[in-house]
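# Survey of secondary and tertiary structure
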Number of protein chains: 2
Amino acid sequence: MTDHEGRGHEWVADCRLRAATDLFTHTWDPVVLAALRAGPRRRRELRAAIGGISDKVLTDTLRRLLAGGLVGRHAHAEAPPRVEYGLTVLGQSLVEGPMVALGRWAVDHGDELLAAQENAARRTTDP
Amino acid sequence: MTDHEGRGHEWVADCRLRAATDLFTHTWDPVVLAALRAGPRRRRELRAAIGGISDKVLTDTLRRLLAGGLVGRHAHAEAPPRVEYGLTVLGQSLVEGPMVALGRWAVDHGDELLAAQENAARRTTDP
DNA sequence: CCGTATCCCTTAAGATACTG
DNA sequence: CAGTATCTTAAGGGATACGG
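A brief look at the structure comes next. (Residues numbered from 1 in each chain as written. Chains lettered and ligands numbered in written order. Predicted model: local features only at pLDDT ≥ 70, side-chain atom pairs only at ≥ 80, totals over all residues. Heavy atoms only, no water.)

## Examining the overall build of chain A
What counts here: Put simply, DSSP marks the helices as runs of H or I at least four residues long and the strands as runs of E at least two long, and each gets a number from the N terminus on. The classification of residues rests on relative accessible area computed with a 1.4 Å probe and restricted to protein chains. Under 20% of the type maximum is buried, over 50% is exposed, and intermediate values are partly exposed. Contact criterion: two residues are considered in contact whenever any of their non-hydrogen atoms come within 4.5 Å of each other. Accessibility throughout is a Shrake-Rupley quantity obtained with a 1.4 Å probe, and a residue counts as covered only by protein chains that appear here.
Across its full length, chain A holds 5 helices and 3 strands. In chain A, the succession of α and β elements from N to C terminus is α-α-β-α-α-β-β-α. The burial tally for chain A puts 43% of its 127 residues in the buried class. Sequence separation of at least 24 residues holds for 43% of the intrachain contacts in chain A that already meet a minimum separation of 6. With an accessible surface of roughly 6700 Å², chain A has 53% of that area assigned to carbon and sulfur atoms.

This is the structure we're talking about:
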């Protein structure tokens, strides 16, 4: 199943592609990954930088990303607890590769996307 | 999904990127898009090519992709109903760009990803 | 063949309050 | 500051049966 290029009828059976797309199924995962792009951050910094994410969801998301091997955690042994999260090498490759590509696409086709959505919406409302 | 005061934070405030990543939050969307990469397909062909998707979910997914302007629908006026779904120009640009990039990444880093996941899993089980 | 209509279960994610 | 503990709601996704 190494053959993902070209034919298309085998994409679905390609577990690796499925595994990759599944990395994006959780709303906040890409957001957190993107926020870590600039470098390691403390939990609180992350929360502030992201904005609009609850403590629980941030915890859940970080747990998942840690389990997925995309994010690493470093707890400094200090009196006021200091913990930093950062992208692993793997996480970095994902962010700098496909995610940047997606971001670029979003910028290039954002207007078009919105327009298409409105157009399709009007189509279903208008007889 | 509350909007956070449109200040120019970073990536997170970039609604276009959010809009783009949200295109992947539904499990089957990328799968269907990928299945359409090879060209327009009839509903039944799609279902067969994908495998493991229910009628309802396929319907939901197609509706969403249609509403999103990524997929188009063409109903031929024939005695036995014939309907074909295909990528729009916009959908094609998404598939051929970011999605192919993601697929390539999945192939290149699939082993690494699995290894990292197992590693992280062992870490949380082993003290 | 192309869908729709239900019912059911699981889980993401928000809100809130509390501990080390 | 870093995290946990509940509770709640909304929604994705599966199974099945029926309608155009």
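## Here we look at the pattern of salt bridges
We count it as follows: Salt bridge, as applied in this entry: a Lys or Arg side-chain nitrogen positioned within 4 Å of an Asp or Glu carboxyl oxygen.
On inspection of all chains with the given rule, the structure shows 15 salt bridges over all chains. Asp22(A) is the partner of Arg18(A) in a salt bridge, and the nearest nitrogen-oxygen pair spans 4.0 Å. In this structure, Arg37(B) engages Glu96(B) in a salt bridge whose closest nitrogen and oxygen atoms are separated by 3.0 Å. Here the residue Arg37(B) occupies a position in the loop between helix 2 (28–35) and strand 1 (41–42), and Glu96(B) occupies one in helix 5 (residues 89–125), the gap between them amounting to 59 residues. Look at the salt bridges and you will find they share partners, linking Arg43(A), Arg47(A) and Asp55(A) into a network.

## Section: the side chain of Thr25(A)
How we decide: Distance and chemistry together define a polar contact, namely a pair of N or O atoms within 3.5 Å, with one atom able to donate a hydrogen and the other to accept it when in protein, and with adjacent residues in sequence counting only for side-chain atoms on both sides.
Considering the arrangement of structural elements, one finds Thr25(A) in the loop between helix 1 (15–21) and helix 2 (28–35). A distance of 2.8 Å separates a polar side-chain atom of Thr25(A) from the backbone oxygen of Asp22(A). Each residue touching Thr25(A), except ones within four places of it in the same chain, is listed here: Phe24(B), Thr25(B) and Thr27(B).

## Thoughts on the relation of the copies chain A and chain B
The line we're drawing: Copy-to-copy alignment: least squares on C-alpha atoms, limited to residues at pLDDT 70 or above in both.
In screw terms, the move from chain A to chain B is a rotation of 180 degrees and a rise of 0.0 Å along the axis, fitting with an RMSD of 0.1 Å. Taken together, the rotation and translation describe the operation of a two-fold axis. Every residue of chain A has its C-alpha some distance from the rotation axis, and the shortest such distance is that of Thr25(A), at 1.9 Å. A share of 87% of the interface residues of chain A reappears at the interface of chain B, consistent with the copies meeting face to face through the same patch.

## Quick look at the pairing of strand 3 (residues 82–87) of chain B
A regular strand places its side chains so that they alternate between the two faces of the sheet. All names here are of chain B. This is how the line gets drawn: Strand pairing is defined by DSSP finding a minimum of two bridges between the two strands.
Of the pairings in the sheet, the one linking strand 1 to strand 3 comprises 2 bridges and is antiparallel in character. Across the sheet, the residue bridging to Arg41 is Tyr85, located in strand 3. Looking at chain direction, strand 2 (residues 71–76) and strand 3 are connected through 6 bridges and run antiparallel. Residue pairing for strand 3: Ala75 is matched across the bridge by Val83.

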